[in-house]
Amino acid sequence: MALTPSSMLPLGTKAPDFNLINTINQQPLSLNQVKKDAGLLVMFICNHCPYVKHILEGLTALGHDYLDQEIGIVAICSNDAITHPDDSPEKMQQLAKEKQFPFPYLHDESQHVARAYHAECTPDFFLFDRNLCCVYRGQFDGARPGNTTPVTGQDLRSAMDALLSNNPISPEQTPSIGCNIKWKN
């Protein structure tokens, strides 16, 4: 495991388009299909990373809490499933169903989407406004495996709440940190 911080995509960057297979139902989904009126949250996660596992219940709760809000939410796994079979589409589907993800879990087999978003780690979060401009990229919260900080999603929830209420989001954002994306050779 290589501990890797988020690359901190410049604020204001437009959300790169995508069209990927949702492992939950095997249907393709595009950026335009998952965004909502207020914006879109794109989460790069995976099945095997201890940093993702540590906040997984919190991520699922966030998805349920914002399900009826006007921010679309999507999770994407871009890891090489050959070298990391726990991140295969079949295992992704299994995890999504087991944890009852309230958001699509897309497979980025080519890794083009992760590269377009400059995703570096799992978890890595990107929040876009109604114009699909990046307004937040950073950590879920300060919880990490091995520390005693509770998993609340405080940082990401604050940004999402500000976006929903048309309040400014502080540009002072803490990078996410986790396992590096498992790039193909």
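Everything below is about the structure shown above.
Here goes a summary of the coordinates provided.

Cut-offs and rules
- Residues numbered from 1 in each chain as written.
- Predicted model: local features only at pLDDT ≥ 70, side-chain atom pairs only at ≥ 80, totals over all residues.
- Heavy atoms only, no water.
- Core = buried A, V, L, I, M, F, W, Y, C linked by side-chain atoms within 4.5 Å.
- Buried < 20%, exposed > 50% of the residue type's maximum accessible area, 1.4 Å probe, protein only.
- Helix = DSSP H or I, 4+ residues; strand = E, 2+ residues; numbered from the N terminus.
- Contact = heavy atoms within 4.5 Å.
- Pairing = 2+ DSSP bridges.
- Axes fitted to C-alpha atoms, helices over the stretch in contact; angles between N-to-C directions.
- Parallel < 35°, antiparallel > 145°, perpendicular 65-115°, else oblique.
- Left-handed = near helix turned anticlockwise from the far one by under 90°.
- Nonpolar A, V, L, I, M, F, W, Y, C, P; charged D, E, K, R; others polar.
- Phe/Tyr/Trp six-rings, centres within 6.5 Å; stacked < 30°, edge-to-face > 60°.
- Lys NZ or Arg CZ within 6 Å of the ring centre and 35° of its normal.

## Brief notes about the nonpolar core
Part 1 of the argument: By size, the foremost hydrophobic cluster in this structure holds 33 residues, and its most contacted members are Leu-41, Met-43, Tyr-105, Leu-127 and Met-160.
Part 2 of the argument: Considering every element that reaches this core, the biggest residue donor is helix α2 (residues 50-65), with six residues.
Part 3 of the argument: For Met-160, the contacting residues outside a window of four places in its chain are Leu-41, Leu-62, Tyr-66, Ile-71, Ile-73 and Leu-127.
Part 4 of the argument: Grouped together as the second largest cluster of nonpolar side chains are 22 residues, Phe-18, Phe-44, Ile-76 and Ala-119 included.

## Observations concerning the sheet that holds strand β8 (residues 124-128)
Part 1 of the argument: Here we have seven strands laid out as an open sheet, ordered β3-β2-β6-β5-β4-β8-β9, and mixed in their pairing. Looking at strand neighbours, the two that pair on one side only are β3 (27-30) and β9 (134-138), the edges of this open sheet. Direction aside, neighbouring strands of the sheet carry axes that sit 30 degrees apart on average.
Part 2 of the argument: As paired elements, strand β2 (residues 19-22) and strand β6 (residues 105-107) share two bridges and run antiparallel to each other. By the bridge assignment for β6, Ile-21 is matched with His-107.

## Overview of the packing of α2 against helix α5 (residues 154-164)
Part 1 of the argument: Contact pair α2 / α5: the axes reach a minimum separation of 11 Å and the direction vectors enclose 15 degrees. Considering their axes alone, α2 and α5 lie roughly parallel with respect to each other. Note that α2 runs across α5; the crossing there is right-handed. Contacts from Gly-58, Ala-61, Leu-62 and Asp-65 in α2 reach Leu-156, Arg-157 and Met-160 in α5.
Part 2 of the argument: Considered class by class, the residues forming the contact of α2 with α5 number four nonpolar, one polar and two charged.

## Quick look at the packing of aromatic side chains
Part 1 of the argument: Applying the stated criterion to the full structure yields seven aromatic pairs.
Part 2 of the argument: The interplanar angle of 90 degrees and the centroid separation of 5.9 Å between the aromatic rings of Phe-44 and Phe-126 together place this pair among those described as edge-to-face. Here the residue Phe-44 occupies a position in strand β4 (residues 39-44), and Phe-126 occupies one in strand β8, the gap between them amounting to 82 residues.
Part 3 of the argument: Ring pairs connect the aromatic residues Phe-44, Tyr-117, Phe-126 and Phe-128, which therefore count as one cluster.
Part 4 of the argument: Between Arg-115 and the ring centre of Trp-183, over which it is positioned, the NZ or CZ distance is 4.1 Å.

## What about unusual backbone geometry?
Part 1 of the argument: Here Thr-122 and Pro-123 are connected by a cis peptide whose omega angle stands at 0 degrees.
Part 2 of the argument: Summarising the element assignment, Pro-123 is placed in the loop between β7 (121-122) and β8.
Part 3 of the argument: Although it is not a glycine, Gln-26 adopts a positive phi angle of roughly 65 degrees.
Part 4 of the argument: Note that Gln-26 resides in the loop between β2 and β3.

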